[in-house]
Structures are given as structure tokens and as C-alpha cells.
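Next come the chains, spelled out residue by residue.
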Amino acid sequence: MSNRQSGLRLQSPLPEGYTDATADELSRRIAKAKSTLGDRVMILGHHYQRDEVMRWADARGDSFGLSRLAADARDAEFVVFCGVHFMAESADILTGDHQQVVLPDLNAGCSMADMADLESVEEAWEAISGVTDITSVVPITYMNSSAALKAFVGRHGGAVCTSSNARAVLTWALEQHGPDTKVLFFPDQHLGRNTAYQLGFAESDMAVWDPRREMGGLEDRRVKEARFLLWKGHCSVHQRFRPAHVEAFRAAHPDGLVFVHPECAHDVVALGDVVGSTDAIIKAVDAAPAGSVIAVATEIHLVQRLDDEHPDLTVVSLDPLVCPCSTMFRIDAPHLCWVLESLVEGAVVNRITVDPATAADAKVALERMLAIA
Ligand code: 13P
Ligand code: SF4
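Definitions and cut-offs
Residues numbered from 1 in each chain as written. Chains lettered and ligands numbered in written order. Predicted model: local features only at pLDDT ≥ 70, side-chain atom pairs only at ≥ 80, totals over all residues. Heavy atoms only, no water. Near = heavy atom within 4 Å. Polar contact = N/O pair within 3.5 Å; in protein donor to acceptor, adjacent residues only side chain to side chain. Areas by Shrake-Rupley, 256 points an atom, 1.4 Å probe, with all protein chains shown as cover. Nonpolar A, V, L, I, M, F, W, Y, C, P; charged D, E, K, R; others polar. Pairing = 2+ DSSP bridges. Helix = DSSP H or I, 4+ residues; strand = E, 2+ residues; numbered from the N terminus. Phe/Tyr/Trp six-rings, centres within 6.5 Å; stacked < 30°, edge-to-face > 60°. Lys NZ or Arg CZ within 6 Å of the ring centre and 35° of its normal. 1 Å grid on protein atoms, 1.4 Å probe; cavity = no way out; pocket = protein on both sides within 12 Å on 5 of 7 lines; lining within 4 Å. Points joined across faces, edges and corners; volume = space filled by probe spheres on them. pLDDT = per-residue confidence, 0-100. Contact = heavy atoms within 4.5 Å. Salt bridge = Lys/Arg side-chain N within 4 Å of Asp/Glu carboxyl O. Buried < 20%, exposed > 50% of the residue type's maximum accessible area, 1.4 Å probe, protein only.

Visitor: Mind showing me how you'd approach the site of ligand 1 here?
Guide: Taken together, 13 residues lie near ligand 1, and His-46, Ser-63, His-261, Glu-263 and Thr-278 sit nearest. In this structure, an oxygen atom belonging to ligand 1 sits 2.8 Å away from a side-chain N or O atom of His-261. Within the complex, 96% of the 300 Å² of free accessible area of ligand 1 lies under protein.

Visitor: Whenever I open this one, the site of ligand 2 confuses me. Can you help?
Guide: Neighbouring residues of ligand 2: Tyr-48, Cys-110, Ser-111, Met-112, Asn-144, Cys-235, Glu-263 and Cys-325. Taken together, the residues that form the shell around ligand 2 break down as 5 nonpolar, 2 polar and 1 charged.

Visitor: Looking at this structure, I do not really get the pairing of strand β10 (residues 257-260). What am I missing?
Guide: Looking down a regular strand, the side chains alternate between one sheet face and the other. Across 4 bridges, β10 lies against strand β12 (residues 293-297) in parallel orientation. Directly across from Val-258, in β12, lies its bridge partner Ala-295. Bridging between β10 and strand β11 (residues 274-275) involves 2 bridges; their strand directions are parallel. Of the residues in β11, the one forming a bridge with Phe-259 is Val-274.

Visitor: Would you explain the packing of aromatic side chains in this entry?
Guide: By convention here, two paired aromatic rings are described through the distance between centres and the angle between planes. Tallying each qualifying case throughout the model produces 3 aromatic pairs. Ring geometry for Trp-125 and Phe-152: centres 5.4 Å apart, planes at 90 degrees, overall edge-to-face. Of the two residues, Trp-125 is situated in helix α5 (residues 118-129) and Phe-152 in helix α6 (residues 147-155); the sequence distance between them amounts to 27 residues. With 6.0 Å between their ring centres and 70 degrees between their planes, Phe-186 and Trp-231 make a pair best called edge-to-face. Taken together, the residues span a long stretch of sequence, with Phe-186 in strand β7 (residues 182-186) and Trp-231 in strand β9 (residues 228-231) at a distance of 45 residues. Arg-29 extends its terminal NZ or CZ atom over the ring of Tyr-18, reaching a point 4.8 Å from the ring centre. One Lys or Arg, Arg-50, reaches over the ring of Phe-329 and ends 3.6 Å from the middle of that ring.

Visitor: Just checking my understanding: could you explain empty space enclosed by the protein for this structure?
Guide: Empty pockets left among the atoms are what a rolling probe the size of a water molecule brings to light. The full count for this structure, using the stated rule, is 1 cavity of 30 Å³ or more. What lines the largest cavity is Ser-63, Leu-66, Ser-67, Phe-81, Met-87, Ser-90, Ala-91 and Met-143. Put simply, the parts of the chain that give the lining of the largest cavity at least two residues each are α3 (63-72) and α4 (85-94). Classifying every residue of the lining of the largest cavity gives 5 nonpolar, 3 polar and no charged.

Visitor: Just checking my understanding: could you explain the sheet that holds strand β2 (residues 59-61) for this structure?
Guide: Strand pairing in a sheet relies on backbone hydrogen bonds. The paired strands run either parallel or antiparallel. Pairing within the open sheet is mixed, and its 5 strands lie in the order β2-β1-β3-β4-β14. A single partner strand is all that each edge strand has here, and the edge strands are β2 and β14 (351-352). Bridge count for strand β1 (residues 41-46) against strand β3 (residues 78-82) is 5 bridges, and the pairing is parallel. Its bridge partner lying in β3, Gly-45 is registered against Cys-82.

Visitor: Would you mind going over the confidence of the model for the chain with me for this structure?
Guide: Parts of the prediction with low pLDDT should not have their coordinates interpreted in detail. Scored by pLDDT, the chain comes out at a mean of 95, with 98% of its residues at no less than 70. Long-range and interchain partners of residues 1-7, a stretch whose pLDDT sits below 50, account for 15 contacts in this model, where long-range means more than four residues apart.

Visitor: Help me understand the pattern of salt bridges, please; the structure alone is not making it clear to me.
Guide: When the charged atoms of two side chains lie near each other, side chains of opposite charge can form a pair. Inspection of every chain in the model, using the stated rule, returns 15 salt bridges. For Arg-242, the salt bridge identified is with Asp-267, shortest N-O distance 2.7 Å. Here the residue Arg-242 occupies a position in the loop between β9 and α10 (243-252), and Asp-267 occupies one in helix α11 (residues 266-269), the gap between them amounting to 25 residues. Classification of Arg-242 by relative accessible area gives partly exposed; the value is 34%. Assessed through its relative accessible area of 35%, Asp-267 is described here as partly exposed. Connected via shared salt-bridge partners are Glu-25, Arg-29 and Glu-341.

Here it is as C-alpha cells:
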């Protein structure tokens, strides 16, 4: 089990002069460090980042867009990744050897990614191979997973997917070994289930693999019959949205629109007007007619930014009590300031590296995704 998965705190406290600095002072210092570094640094920001961080991003994106940007950012010596650990790992894999990736707070992990580790996936693979022809099983990992799992997938003929290309990647996976092809999908059961439904499959084609139970908690017959084995993992932010929230919103706003991220449970997704990645949600809000009232089922910082940036629309969280993603929230102005000022002084702090053997296999799985999408 990695330090991250065992819940160990990796980030040491910031040196003096960061946590007690005012917002204005931090802004001045970040601006100065960024301009001193110039083209040597590229700051990437995921849509869930706070505004105090996002305003400094050279490029914003969903997890797929950011992986593309990292792969294309050949000139920057340093990529400061304002997002979570698995995204920074993927950036390290996709950038060149001359580039270094920095995550401003090492505690910015992802609870969903931690729900599958290499050991339990290898155990599942072994158990599945005992009851079905493993050569017709394609492992697909959601981007929200460790580099070790991406490497596993790369070694076993599978690919990575994100919420913006899951349909294309699963379609590709199902074509790999003829009509009997099965998909082992981890770690997010909801994205797997929602995409399988989108492709026309029925509930009976899907079985949930519980890594804490013998044979995933399934009878051998279910493992043999299912086309999709969905890892029992979820996002703690998106699982909070419930059908009752949609019903309450529609009762209050009969003409309102509901936009849902596919990490939400299927009963919520089924009620949405638009279902898509953070980028797809942004595009749908941009395209909404003036005066629309839109409830969005995703992380609150993106929802608030959409509302701020569209004065002609009302954009609210589908769940009025929704909490932010606590790990995305760890990246703040003091940490960003610290990593940038350290780079100016010649010190690369919080560098994220993936060992070469893991990176080589993971790159195969990531590049398959980039080629499919
Ligand atoms: P996307 O940005 O790909 O929609 O993913 C959302 C997410 O939860 C990232 O952790
Ligand atoms: Fe992970 Fe969910 Fe946070 Fe995304 S929103 S980083 S899936 S915990």
C-alpha cells in the first residue's frame, strides 16, 4: 500500500511567510515569480480549483484536456499542476525527460483513486482468470487511478479513459476480442455503469466487483456472464447527488436545466438534460439560452465559477448542501506561491515522478487513450 493509500500525510507545513501572508501580498509574489520564470513554467489548472489558484493558470481543462496539454507542452521546463496527484503523475508520464512536474500540495490525492490499488486489482485479475478466459478481458482504468494501475492496464492490453472519452474507449475495448469481450473497469463503478448504459447494455450485463470480498462477492456464473465487471469505487463528491435533488429543483424551476457529471449514480444521470465531463458541462452552460436556470451536479468551485462568469444565467449546485472536493481544495495561493518562489530560487519542491518501468507501461495505456479519443 502506498503512503497516499495508507492516508499518511506527505506534505510538510509551509515555511514561514506563506500562511500568514495576505491575499494581496500572495498575488504580488505569485505574479512576480511567474513573470521571472516566464516560459520556463506552465501552470495547469483543473476546473475544480479555487479561483485564487485558477486565475494564475496558463491553461484550464478537464482531466483529458489537461493530459493533452501536458503531452503537448514541450517547451516548459516546469509544469506546475494545480489538480490532484493522479493528474500530476499522468503529466509526468506524458511530458519529456527534460521537464519536471510539480504538485503544490502533496496531500492533494483523490479518495476514488485510492479505492483501487495494484495488489487488489492483481488479485481480482487472478480470481477472474480462474473462472473465465482472461484473454478476452480488457482492463480499463479511469484516469482517476495511480500510475501503477495505468501500467497494469498497459501491460494487459487495456487503456485509460476519462469522463470525456469513456464511450469511445469502451467501444474500442469491446472490439478487442470479438463478441465475448469483457471489460474490467476500475475504480469508478458509476462512470463504467453510465457508459455501458449509453452503449445500450442492460443492468444484467453488468456486475459489481467488490474487492473486499472473495471473488468480488460474485458467483462464478455472474463473472462468466457479465460483459462489464465494475469495481466497487465511487467519488465521494458526486455520490452525494440524489434523484430527490433533481425532483426538488424541477418542482421549483419547471423550465430549469439539469447538467450532470457521469461520476454521479445512474439514477441521477438518467434524470439529467446533459451528462458529461467538466468540459462538456462548461460547453453546455455556455450554449444555454439567456435567462436559463441551471442546476449542476458536480464540484462546487466549478459551479460557482460558471455562475460568476454568466451574469445572464443562474447556475446553482444541484445539491444545495454540496461540499467541495477536499483534496482539490488543498491547492491554495500560499502553496502555489511557495512552489513558484522555490523554482525561482532554483529548488524544485514537490516534484512528482513515476519510476521509469511503471511510466513506460502506463504511457502505453495513456497513449492508447489519446489515439482512440
Ligand atoms: P473531468 O475533469 O475529467 O470531468 O473529471 C472530474 C474529476 O473528478 C476529476 O477528478
Ligand atoms: Fe477524486 Fe471525486 Fe475529487 Fe475528482 S471530485 S478528485 S474523483 S474525490
